[in-house]
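Survey of secondary and tertiary structure
In case you want the letters, here they are:
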Amino acid sequence: MDELTNLLDQLSSSKKLDRDRGLTAFLKWVESLDPVSFTSLTSILESEVDKVKKVTRSTELIDGDFDYPCKWESHYAILAVFKVMVAHPWSTEIFCEMVKDFCIASLTHTEYRVRIAAGECLGGLCMKFGSSIYVDIKDIILSGIRDNLERDMAKDESPNIYLEEAGQIDGNASPRTSTLMMAERMANFDEHTKKIFHDTAGWKNLETFMKCLQSVIDGCGVHFNKQINQELLDLIFTALTHTNRFVRETGYQVCGSLVSCNSQALGSEEKPDKLADSILIFGMQFAKHLASGLADNWSQVRLASSQATRQFLAALDAESMSQYMPLLLPRMCLNRYYVAEGVRIYSQETWRKMAGDDGKLLVQKYIKPTVEFYISQSEADNHAVREAACSCIAELGSKIDKECVRPYVPSLLGTLKVCFEDDSWPVRDAACMASGNFIYCFPEEAKPYLEQLKPLFFENLKDNIPSVRSGAAHSLANVTKVYENELAAELLKLIEDSLKAVENQKANTDKYGGLEKGPATYSVVKQARDNDADLHTNNTMYSCGSLAPKMGRGGSKDKGGCMHSTFRRQAEPWEVAEGCAHLMSELSVIQTLHQPISALLPLLAAAVSHREYTQHVVLLETLCKIMPQISRNIGKRLFKPHLELFFEPIFYSLSCDNALTSSAASQCLNHLSNYLGPNILRGRVEMYNPHLLSQLQANVMVAPM
């Protein structure tokens, strides 16, 4: 069979794309065989197995540069072929028995892709023969998991352990260059770094044995229910609390497969006695571990637990589900706001499927455990979790029945006050928005906290981050709506003083003033700061922010990671003025403040006329964005007398090199034209400066960015 030889060569390619194409071609080829040819194929494959066994421990020289383990692809090719063959109706029990033995021997292969393929092939056998295959190999799989749960840390400190895991066989071959480098570096790692490595690196064969168990469970389907017992669950639950995140992630995937068996059982036509009882018998154990996974520090583990949780709830009726809701519902709610997009979107979809239109009622029913969980998560080490907790607390104030939330307002506001002082600016921003929302919804209960929160609102209003300043302005407007008498005069005075202070703005005042700058805000300082060698020398290395959340809250000295969000500096006058400009826009919706806001417009025009500093374009961009809103809120009568004051800064912004500022100016002119009327705007521009008419006309003809 020359064609088979060619297919096996393709399946044994070092390139994954070739292997995938070879598998597709093999599937088509097998379908074209007659029974005699299929039987002949099984005999040929048995001889191929013998060849693979003989060369498994041989080595070969690749490119003449370094010794490399024997070709694992040949081993993988046989397993890929076997997976197709055992699913075929013509495969015999004798052939499948040979496949089973070969797969069992492959579960400890040095190449993880071979081990994964062996597990998938065993899953295919279970799909064909049912749980009897699992009964035969159960001890091997479970002992493989049990024996690999722990690692000898003293032994792991030796570089040899990494040589073994990378593919060295019997001490005769060497691993890939990257792993050699890691092995050499491990000798110089401190204990903290070694712990991080073991938290994130592969855990020998444990993960692949878990994957094998998952494949077997999926293959058995509903028939695996009878095999679920406390011994099996104890072993799986041990993996769920493992120090290594990959092991925990795989453990939750196995849990998802286990509870899926019960989902299938509920829809089974056979419905034998106690078919789906395992999920009811062990349901609370499942729920507790799923709840732990939904709050895991690693996003991948959260996602795996979220998937298992959806499958768990799908296997329950409404009555059975209610006993697990106090544990699972608060965590599912919080993950709808989690920073990792995959977790957030999946959790939102799960919530829609589970709650439908009754989401508010469910939260109200379990309001006590929900509030308690939100408060506990606001104290988490992970800044992303604290941010999500603040967003969820804000949601309680705006969406849930007020009488239901009212008893918890003091404790929630106390929590928000703590988060308001967080070192992480996303947390401060979320706490600020939530606090403003809560004060607006519960003015009487929040009044004792006003004096404590007011300085924090003001601090956020002059924060280094533009979105934080904007959020503070929105929150202060909400507070002013309910405490106008107590707050309005103070805010108007703050706006006046801040706009006047822009004249004191220096051209370059930050530490990195001598470095190259562009027309940006925070990004300018951030870019300069990112290149500060002092901040990136002799510090702990983190993996893309995933480990950074393990940093302590507040003023912890252990800070790092590429998502560093604790950098704060003294606010510049233009930043305070920009925050107050947003505040003017937000306060303009309050009818009693229309006249005072109108009186502040000349000061705003004067503030944007100072352009000695690099970031003046940001203040101009904000002006162009808020002008349409202010004009509509205070009305034409109060706005038109000040219109000409803003022509010069708007047209200056329109011709600015900064794309964001220019686009904002273009949209501002379009809004003013629609609000005042194109002819009126044109006439006022012509009266101010006829030379600007060409720019106005060009803006009408060109769509804004």
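Look up: the structure comes first, before these words.
The following refers to the structure shown. (Residues numbered from 1 in each chain as written. Predicted model: local features only at pLDDT ≥ 70, side-chain atom pairs only at ≥ 80, totals over all residues. Heavy atoms only, no water.)

Regarding the overall build of the protein
Helix and strand counts for the protein come out as 39 helices and 2 strands. Relative to its 705 residues, the protein shows a buried fraction of 52%. Within the protein, counting contacts between residues at least 6 apart in sequence, those at least 24 apart form 72% of the total. As displayed, the protein offers around 32200 Å² of accessible surface, 51% of which is attributable to carbon and sulfur atoms. (Helix = DSSP H or I, 4+ residues; strand = E, 2+ residues; numbered from the N terminus. Buried < 20%, exposed > 50% of the residue type's maximum accessible area, 1.4 Å probe, protein only. Contact = heavy atoms within 4.5 Å. Areas by Shrake-Rupley, 256 points an atom, 1.4 Å probe, with all protein chains shown as cover.)

Here we look at the packing of aromatic side chains
Within the structure shown, the criterion is met by 14 aromatic pairs. Arranged with centres 5.6 Å apart and planes meeting at 85°, the rings of Phe82 and Phe95 form a pair that is edge-to-face. Of the two residues, Phe82 is situated in helix H4 (residues 72–86) and Phe95 in helix H5 (residues 93–106); the sequence distance between them amounts to 13 residues. For Phe95, a relative accessible area of 1% corresponds to the buried category. For the ring pair Trp574 and Tyr613, a centre distance of 6.4 Å and an interplane angle of 20° mean the geometry is stacked. Placement of Trp574 in helix H32 (residues 573–587) and of Tyr613 in the loop between helix H33 (594–607) and helix H34 (616–634) is noted, with a sequence separation of 39 residues between them. Note on accessibility: Trp574 and Tyr613 belong to one class, buried. Here the basic side chain of Arg19 rests over the ring of Tyr76, its NZ or CZ set 5.5 Å away from the ring centre. (Phe/Tyr/Trp six-rings, centres within 6.5 Å; stacked < 30°, edge-to-face > 60°. Lys NZ or Arg CZ within 6 Å of the ring centre and 35° of its normal.)

A short note on the packing of helix H1 (residues 2–11) against helix H2 (residues 16–31)
Two numbers describe how H1 lies on H2: the axes approach to 7 Å, and their chain directions differ by 150°. By the angle class used here, H1 and H2 are roughly antiparallel. Relative to H2, the crossing made by H1 is left-handed. Contacts between H1 and H2 pair Glu3, Leu4, Leu7, Gln10 and Leu11 from the former with Asp18, Arg19, Arg21, Gly22, Leu23, Ala25, Phe26 and Trp29 from the latter. Tallied by class, the residues present in the contact of H1 with H2 amount to 7 nonpolar, 2 polar and 4 charged. (Axes fitted to C-alpha atoms, helices over the stretch in contact; angles between N-to-C directions. Parallel < 35°, antiparallel > 145°, perpendicular 65-115°, else oblique. Left-handed = near helix turned anticlockwise from the far one by under 90°. Nonpolar A, V, L, I, M, F, W, Y, C, P; charged D, E, K, R; others polar.)

Observations concerning the side chain of Asn658
Examined against the element boundaries, Asn658 turns out to sit in the loop between helix H36 (647–654) and helix H37 (659–676). Residue classification places Asn658 among the buried positions, given a relative accessible area of 11%. In this structure the side chain of Asn658 is engaged in a polar contact, spanning 3.0 Å, whose partner is the backbone nitrogen of Thr661. (Polar contact = N/O pair within 3.5 Å; in protein donor to acceptor, adjacent residues only side chain to side chain.)

Remarks on the pattern of salt bridges
In a structure, side chains of opposite charge can pair up when their charged atoms sit close to one another. Evaluated as defined, the whole model comprises 25 salt bridges. Notably, a salt bridge pairs Lys368 with Glu372, separated by 2.6 Å at the nearest N-O pair. Of this pair, Lys368 and Glu372 both sit in helix H22 (residues 367–377), 4 residues apart, which is roughly one turn of the helix. Here Lys368 falls in the partly exposed class, since its relative accessible area comes to 45%. (Salt bridge = Lys/Arg side-chain N within 4 Å of Asp/Glu carboxyl O.)

Focus: the nonpolar core
Grouped together as the largest cluster of nonpolar side chains are 194 residues, with contacts concentrated most on Phe26, Phe82, Phe312, Phe438 and Leu604. Sorting elements by how many residues they give to this core places H34 first, with 10 residues. Contacts of Phe26, omitting those with residues within four sequence positions, involve Leu4, Leu7, Leu41, Val81, Val84 and Met85. Core analysis: the second largest hydrophobic core is formed by 5 residues, Tyr338, Ala340, Val343 and Val385 among them. (Core = buried A, V, L, I, M, F, W, Y, C linked by side-chain atoms within 4.5 Å.)

What about the environment of Pro602?
In this structure, Pro602 sits in helix H33. When the C-alpha atoms of Pro602 and Leu643 are compared, they prove to be 9.8 Å apart, with 41 residues separating the residues in sequence. In this view, Pro602 contacts His642 and Leu645; residues no more than four positions away in its chain are not counted.

Remarks on the state of the cysteines
The final tally for this structure, using the stated rule, is 0 disulfides. Summary of cysteine pairing: Cys103 is not part of a disulfide, and the nearest cysteine sulfur, belonging to Cys121, is at 3.5 Å. Judged by its relative accessible area of 0%, Cys103 falls in the buried class. (Disulfide = S-S within 2.5 Å.)

Notes on the side chain of Ser585
Looking at the secondary structure, you find Ser585 in helix H32. Residues contacting Ser585, with those up to four places away along its chain left out, are Ile626, Gln629, Ile630 and Asn633.

What to know about H1
Looking only at H1, the buried set comprises Leu4, Leu7, Leu8 and Leu11. Relative to the axis of H1, the buried residues are bounded by an arc of 100° and lie together on one face. Pointing more than 90 degrees away from the buried face of H1 are the exposed residues Asp2, Asn6 and Asp9. (Arc of directions from axis to C-beta.)

Focus: helix H17 (residues 299–314)
For H17, with 16 residues, the first-to-last C-alpha span of 23 Å sits near the 22 Å given by 1.5 Å per residue. Taken together, the buried positions of H17 are occupied by Val301, Arg302, Ala304, Ser305, Ser306, Ala308, Thr309, Arg310, Phe312 and Leu313. (Expected span 1.5 Å × (residues − 1).)

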